[in-house]
Amino acid sequence: MARLIRTEKEVEGRYEEQWVVVDEDVLDQWPTGPREVVGRPAPRVDGRLRASGQARYTADVRLPGMLHAAVLRSPHARARVTRLDLEPARRATGVRGVLGPDDLNGLTREPSYRGAGIAAVAADSLAEARAALDVIEIEWEVLEPLLDADEAVARGSLLAEPTNYERGDLDQGLAQADVVVEAEYRTQTVLHNSMEPHQSVCQWEGDTLTIYTSTQWIWGVRADVAAALGLPEDKVRVVCEFMGGGFGSKNGPGDFTYIAAELARLTGRPVRCALTRREENLDAGNRNATIQRLVAGARSDGTLTALGGEFVASLGWDGWLASTAGPMQMLYACDNVRTVEYGAKLNTPPMKAFRAPGFVEGTFGLECLLDGLAAKLDLDPLELRRRNHADADLVDGRPFSSKNLAECYRRAEKHWARRHEVRARSEGSWKRGVGLASQTWYGGGGPPSYAWVRVGGDGRASVVTAMQDIGTGTRTAMAQIAAEELGLPLERVTVALGDSARGPYASVSAGSSTTPSMGPAVRSAAADAAEQILELAAERFHVERRVLSLRDGHIVSSDGGSWPIEEITGLLEEGQIQGRGNRGPNPAGMRVLTFGVQVAEVAVDVETGEVRVERVAAIHDVGRVINPLGASSQVEGGIIQAIGHTLSEERLLDPATGDVLNQTLDAYRMPTIADVPEIVSELVDIPDEHLTNLGSKGLGEPPIIPTAAAIANAIRDATGADVRSLPLSREEMLRALREAEQRRREPVGATTA
Amino acid sequence: MYELRVNGESYRLDVPVGRTLAGVLRDDLGLTGTKVACGEGHCGACTVLVDGVPTLSCIKLVHTVGEHEVTTIEGLRDHPLVDAFVRADALQCGYCTPGQIVSASALVAANPTPTSDEIRHQMAGNICRCGTYPKIEEAILTWRD
């Protein structure tokens, strides 16, 4: 029974109220624990295709007559074009179309960041397109860029109004505190660097635009492009069967899609517009830098009385203000909290969501500050966190749909207990220590999302839905859910996805929402198909429907009867059983969040400032786990990305010109296999009894959130030094060691955490 | 005309000097299993074998290949490493995976029972942004199982 409800839709921590039509979810959740297929480790159903190079990514699409586009980008952070002559490019070899600033919104004469698009060329080959860019005649008036975030705030250069939050009274909370710590934390700009660069191939067929694109959201691209081009949405078809990573940077169409679409219209040919790796690191988004000025107060028993923070986010020329204050507001039961957040508009490349935007940065500051507090209180850091456990959501007073953070803490104890033995392994200039940090995040997903399931005469099933698998393994998870509900072995279920013209609406693969949004819809569609099969079987075998169920490819009767499923589906001949499923509503009046804790072990060379992460144990609570194998990969991947941004990754800007200095992968240092510590991952795996017919939450983002703070806290444990600026370079490490040494000499009057 | 030997086949090509091996494999021969992720020899996604030696095809000029035999992921589809990677879940988005497997194939050809340290040393030129490294190590340790 469909009904119209007003519900909250949350993506990457941004809530929107909207009307949605939902079908009531009539299915009971499966009991806790592994089932026949769900909850058991499954290698990826598309693993062989991807591993053997047969999967076709956007980069592999080759259409007959396809042209290649190249984009002229601003070499200046802020400038004005004083003369532009595109004619030489139009006359260049192989060129079929040229666009300038007057032809397309995304191209400009007044670039406001290094890498902004000025003009674009389509040619028979990419080499010819690039050569044509070189002959464009262009002259500049270079203007002074605004690059400093604090200065931008002082001058009122903001992308949005400052975000203020307050509960209780911070000043009163500080007055009640026996101990107060203050510190300033800084996090750097981090680049996504998905392995498949951003790109689209656009082709017009009549008045329909087909876009092959590397995207996290087929339907978002469809809606945005249709709106921008003034087309009905069903005249835009978006295809993405396989995509090579996004991490938040591929949630929308991007200028490259509009450039390809316009050049395709202009030339009457299909056009690819793909970013190079260097362009990728200029104009594909970034995790914005932050400055966090924090204060915390607690009574001598560890009860938090006050948490306060001023947060400045260097958003760049465009973007949105992800909540860096969120962890401070949400993680602990503190009555007095005040935060203010500023989103600085700068002449730097625009930010985009990057795996738990805001919370990665904010958790670093908050959880380091908390360990500073624990040290001053002479209290065990794990115990301090336990004493301030939030039993309900303090931001809006709602109960949690489920929360097993205390269980995460309990399971973390054995890793935390290793600290005595780890410290004892310190040797010479190498000091060892253990640190931990907690985490909360969203990840409940929401409606609308739809799936179809068809079962053929051969007793094989297909899940059809126009979602995308960005590499998280959702294709496999959806196959497992359908197989479980239909009582089929996994190898008898296929998943068809990745095409807006060939399946129903599906959710964005962002915000840890794919499994909790899509999974319940797939289960509901499979249950619809299963019900039809069982009704036919009841009729055919003259038994009551209620005694029948599906298991292991068979229709099974409670009195011991068993028939292969094909005995019923085979009656259909060419016909098919059609199941239809919808994502039900989120639990009303409840807050759906994910939780976790990580324990890191480090070794620090106090002479050179070198930091090595030796072990990370991660315990996360994300409800029911569909595929423990894929889930462990998500946890490991999140931690490894976190180790990169904790230790080695930083986009460097020339402070005078705003040029991006490290656009290449030799200069921008991401972790390699040689940088990976031992990782132990554990999931609590208790279904959220209030959330959908699955009880599953998302897992993509939680594991990247607490790692940086856990590492920094382990460094404090090993050396007594407070690192406060990411990445934890040797320079920062040595600064912190010198500061700690100074503090030891003059213990009175120390004001920092 | 120029002759290029790939996966046991011989191809006659008419390509201008300056084309990369990766470009010819992908655009002229349709062998798109070889991926290009950085295009300047920093990430390893484009790794192919030239006479068994891992080679960055995005910065290898095709005319410098000469008589030598090129092996791409398409030539390694039946290699036990492919299944080992799938079994161990040593891929997420999968874009770097063909290059990882090509590099790993050279490693196990020279050393069928590599240690973890040897794997971490030999595979450090292949970047995986999804962070599948622990599973890649496991896949290579168990490739013959």
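Since the structure is predicted, the reported quantities are computational estimates derived from the model, not experimental observations.

Rules behind the numbers
- Residues numbered from 1 in each chain as written.
- Chains lettered and ligands numbered in written order.
- Predicted model: local features only at pLDDT ≥ 70, side-chain atom pairs only at ≥ 80, totals over all residues.
- Helix = DSSP H or I, 4+ residues; strand = E, 2+ residues; numbered from the N terminus.
- Rg over C-alpha atoms; globule rule 2.2 N^0.38 Å.
- Buried ≥ 20, exposed ≤ 12 C-beta atoms within 10 Å, placed from the backbone.
- Contact = placed C-beta atoms within 7 Å.
- Pairing = 2+ DSSP bridges.
- Axes fitted to C-alpha atoms, helices over the stretch in contact; angles between N-to-C directions.
- Domains from an automatic or database assignment.
- Nonpolar A, V, L, I, M, F, W, Y, C, P; charged D, E, K, R; others polar.
- Parallel < 35°, antiparallel > 145°, perpendicular 65-115°, else oblique.
- Left-handed = near helix turned anticlockwise from the far one by under 90°.
- Expected span 1.5 Å × (residues − 1).
- Core = buried A, V, L, I, M, F, W, Y, C linked by C-beta atoms within 7 Å.
- pLDDT = per-residue confidence, 0-100.

## Thoughts on the overall build of chain B
Then, in step 1: In terms of regular secondary structure, chain B is built from 5 helices and 5 strands.
Then, in step 2: For chain B, the sequential pattern of α-helices and β-strands runs β-β-α-β-β-β-α-α-α-α.
Then, in step 3: Relative to the globule expectation of 15 Å for 145 residues, the C-alpha radius of gyration of chain B, 15 Å, shows essentially globular dimensions.
Then, in step 4: Here the C-alpha coordinates of chain B stretch approximately 45 × 25 × 20 Å along the principal axes.
Then, in step 5: Looking at the 145 residues of chain B, the share that counts as buried comes to 57%.
Then, in step 6: Counting contacts in chain B only where the partners sit at least 6 residues apart, residues at least 24 apart contribute 60% of the total.

## Remarks on the sheet that holds strand E25 (residues 594-605) of chain A
Residues and elements named next belong to chain A.
Then, in step 1: A sheet is described by the order of its strands in space; here 4 strands give the open sequence E17-E25-E26-E27, paired in mixed fashion. A single partner strand is all that each edge strand has here, and the edge strands are strand E17 (430-441) and strand E27 (678-683). Each neighbouring strand pair of the sheet contributes to a mean axis angle of 15 degrees, computed without reference to strand direction.
Then, in step 2: Bridge count for E25 against strand E26 (residues 611-621) is 10 bridges, and the pairing is antiparallel. Counterpart to Phe-595 in the pairing with E26 is Asp-621.

## Considerations on the environment of Lys-235 of chain A
All names here are of chain A.
Then, in step 1: Here Lys-235 is to be found in the loop between helix H6 (218-229) and strand E12 (236-239).
Then, in step 2: On the neighbour-count criterion, Lys-235 (17 C-beta atoms within 10 Å) is partly exposed.
Then, in step 3: Once the C-alpha coordinates of Lys-235 and Gly-206 are considered, the two residues, 29 residues apart in sequence, prove to be 9.6 Å apart.

## Focus on the domain arrangement of chain A
The extent of an interface is frequently quoted as the accessible surface area lost upon association of the parts.
Residue and element names in this part refer to chain A.
Then, in step 1: Per the domain assignment, the segments making up chain A are domain 1 (2-57 + 445-582), domain 2 (61-143 + 193-283) and domain 3 (289-444 + 589-745).
Then, in step 2: Spacing between the C-alpha centres of domain 1 and domain 3 amounts to 35 Å.
Then, in step 3: Counting residues at the interface gives 31 residues for domain 1, matched by 34 residues for domain 3.
Then, in step 4: Broken down by secondary-structure element, the contributors of at least two residues to the side of domain 1 that touches domain 3 are helix H14 (474-486) and helix H15 (514-541).

## A closer look at the domain arrangement of chain B
Residues and elements named next belong to chain B.
Then, in step 1: Domain boundaries in chain B define domain 1 (2-75) and domain 2 (77-141).
Then, in step 2: Taking the mean C-alpha position of each, domain 1 and domain 2 sit 20 Å from one another.
Then, in step 3: Counting residues at the interface gives 16 residues for domain 1, matched by 13 residues for domain 2.
Then, in step 4: Counting residues per element, the side of domain 1 that touches domain 2 draws most heavily on strand E3 (residues 47-50), which supplies 3 residues.
Then, in step 5: Looking at the side of domain 1 that touches domain 2 residue by residue, the class counts come to 9 nonpolar, 5 polar and 2 charged.

## Points about the sheet that holds strand E20 (residues 493-496) of chain A
All names here are of chain A.
Then, in step 1: Taken in spatial order, the 4 strands line up as E20-E19-E18-E24 in an open sheet, and their pairing is mixed. The open sheet has two edge strands, E20 and strand E24 (577-582), and neither has a second partner. Sheet twist, expressed as the average angle between the axes of neighbouring strands with direction ignored, equals 20 degrees.
Then, in step 2: With 4 bridges connecting them, strand E18 (residues 450-455) and strand E19 (residues 461-464) associate as antiparallel partners. Opposite Val-455, over in E19, you have Ala-461 as the bridge partner.
Then, in step 3: Packed onto the sheet, H14 meets E18, E19 and E20 and runs at close to 135 degrees relative to E20.
Then, in step 4: Packed on one face of the sheet, H15 meets E18, E19 and E24 and runs near 145 degrees to E24.

## Thoughts on the packing of helix H2 (residues 80-88) of chain B against helix H5 (residues 133-141) of chain B
Residues and elements named next belong to chain B.
Then, in step 1: Close contact between H2 and H5 brings their axes to 8 Å; oriented N to C, the two are set at 135 degrees. Classified by the interaxial angle, the pair formed by H2 and H5 is oblique. Judged by the sense of rotation from one axis to the other, the crossing of H2 with H5 is right-handed. On H5, the residues that touch Leu-81, Ala-84, Phe-85 and Ala-88 of H2 are Lys-135, Glu-138 and Ala-139.
Then, in step 2: Across the contact of H2 with H5, the residue classes break down as 5 nonpolar, no polar and 2 charged.

## A closer look at helix H18 (residues 707-719) of chain A
Then, in step 1: Here H18 of chain A contains 13 residues, and its C-alpha end-to-end distance of 18 Å stays within 8% of the 18 Å for a straight helix at 1.5 Å per residue.
Then, in step 2: Looking at the residues trailing H18 of chain A, positive phi occurs at Gly-720 of chain A, about 80 degrees.

## Some remarks on the interface of chain A and chain B
Then, in step 1: The interface is formed by 41 residues belonging to chain A together with 42 residues belonging to chain B.
Then, in step 2: Of all the secondary-structure elements, those providing two or more residues to the side of chain A that touches chain B are helix H1 (47-51) and helix H17 (628-647) of chain A.
Then, in step 3: Here the side of chain A that touches chain B gets 7 residues from one element, more than from any other, and that element is H17 of chain A.
Then, in step 4: Tallied by class, residues from the side of chain A that touches chain B come to 16 nonpolar, 17 polar and 8 charged.

## Quick look at the pairing of strand E21 (residues 548-551) of chain A
Then, in step 1: Alternating residues of E21 of chain A divide into Leu-548 and Leu-550 of chain A, all buried, and Ser-549 and Arg-551 of chain A, none buried.
Then, in step 2: The loop that links E21 of chain A with its antiparallel partner strand E22 (residues 554-557) of chain A comprises 2 residues; one of these, Asp-552 of chain A, has a positive phi angle of about 55 degrees.

## Comments concerning the nonpolar core
Then, in step 1: Ala-69, Val-121, Ala-260, Ala-296 and Ala-482 of chain A together with Phe-85 of chain B are the most contacted members of the largest nonpolar core, which totals 262 residues.
Then, in step 2: By residue number, the principal contributor to this core is H15 of chain A, which donates 10 residues.
Then, in step 3: With sequence-adjacent residues up to four places away left out, Ala-69 of chain A is seen in contact with Ala-120, Val-121, Ala-122, Ala-129, Ile-259, Ala-260, Leu-263, Val-271, Arg-272 and Cys-273 of chain A.

## Thoughts on the confidence of the model for chain B
Then, in step 1: Taken residue by residue, chain B gives an average pLDDT of 97. The fraction at 70 or more is 100%.
Then, in step 2: Interface confidence for the predicted complex, expressed as ipTM, amounts to 0.98; the pTM equals 0.97.

## Examining the packing of H14 of chain A against H15 of chain A
All names here are of chain A.
Then, in step 1: Where H14 meets H15, the axes come as close as 8 Å, and the angle between the chain directions of the two elements is 30 degrees. Here H15 runs roughly parallel to H14, going by the angle between their axes. When the axes of H14 and H15 are compared, the crossing they make is right-handed. Across from Thr-474, Ala-477, Met-478, Ile-481, Ala-482, Glu-485 and Leu-486 in H14, the residues of H15 making contact are Thr-514, Thr-515, Met-518, Gly-519, Val-522, Arg-523, Ala-526, Ala-527, Ala-529 and Ala-530.
Then, in step 2: Here the residues of the contact of H14 with H15 sort into 11 nonpolar, 4 polar and 2 charged.

## A word on unusual backbone geometry
All names here are of chain A.
Then, in step 1: Cis geometry marks the peptide bond from Pro-447 to Pro-448; its omega dihedral reads -5 degrees.
Then, in step 2: Looking at the secondary structure, you find Pro-448 in the loop between E17 and E18.
Then, in step 3: Between Leu-726 and the following residue, Pro-727, the backbone shows a cis peptide bond with an omega angle of 0 degrees.
Then, in step 4: Located in the positive-phi region is Asn-193, a residue other than glycine, with phi close to 50 degrees.
Then, in step 5: As for its placement among the helices and strands, Asn-193 is situated in the loop between strand E9 (179-187) and strand E10 (199-205).
Then, in step 6: With a phi angle near 55 degrees, Asp-552 is a residue other than glycine that sits in the positive phi range.
Then, in step 7: For Asp-552, the position within the fold is in the loop between E21 and E22.
Then, in step 8: Overall, the presence of 12 C-beta atoms within 10 Å leaves Asp-552 in the exposed class.

## Some thoughts on the environment of Ile-533 of chain A
All names here are of chain A.
Then, in step 1: Along the chain, Ile-533 turns up in helix H15.
Then, in step 2: Exposure remark for Ile-533: the 21 C-beta atoms within 10 Å place this residue in the buried category.
Then, in step 3: Taking the C-alpha atoms as reference, Ile-533 lies 10.0 Å from Glu-566; in sequence the two are 33 residues apart.
Then, in step 4: Those residues within four positions of Ile-533 in sequence are excluded, and the remaining contacts are Val-455, Leu-550, Ile-565, Ile-568, Thr-569 and Ile-577.

## Here we look at H2 of chain B
Then, in step 1: Every buried residue belonging to H2 of chain B is among Leu-81, Val-82, Ala-84, Phe-85, Val-86 and Ala-88 of chain B, and all of these are buried.
Then, in step 2: In this fold, the buried residues of H2 of chain B make contact with H1 of chain A together with helix H3 (97-110) and H5 of chain B.
Then, in step 3: A positive backbone phi angle near 60 degrees is found at Asp-89 of chain B, which sits one or two residues after H2 of chain B.

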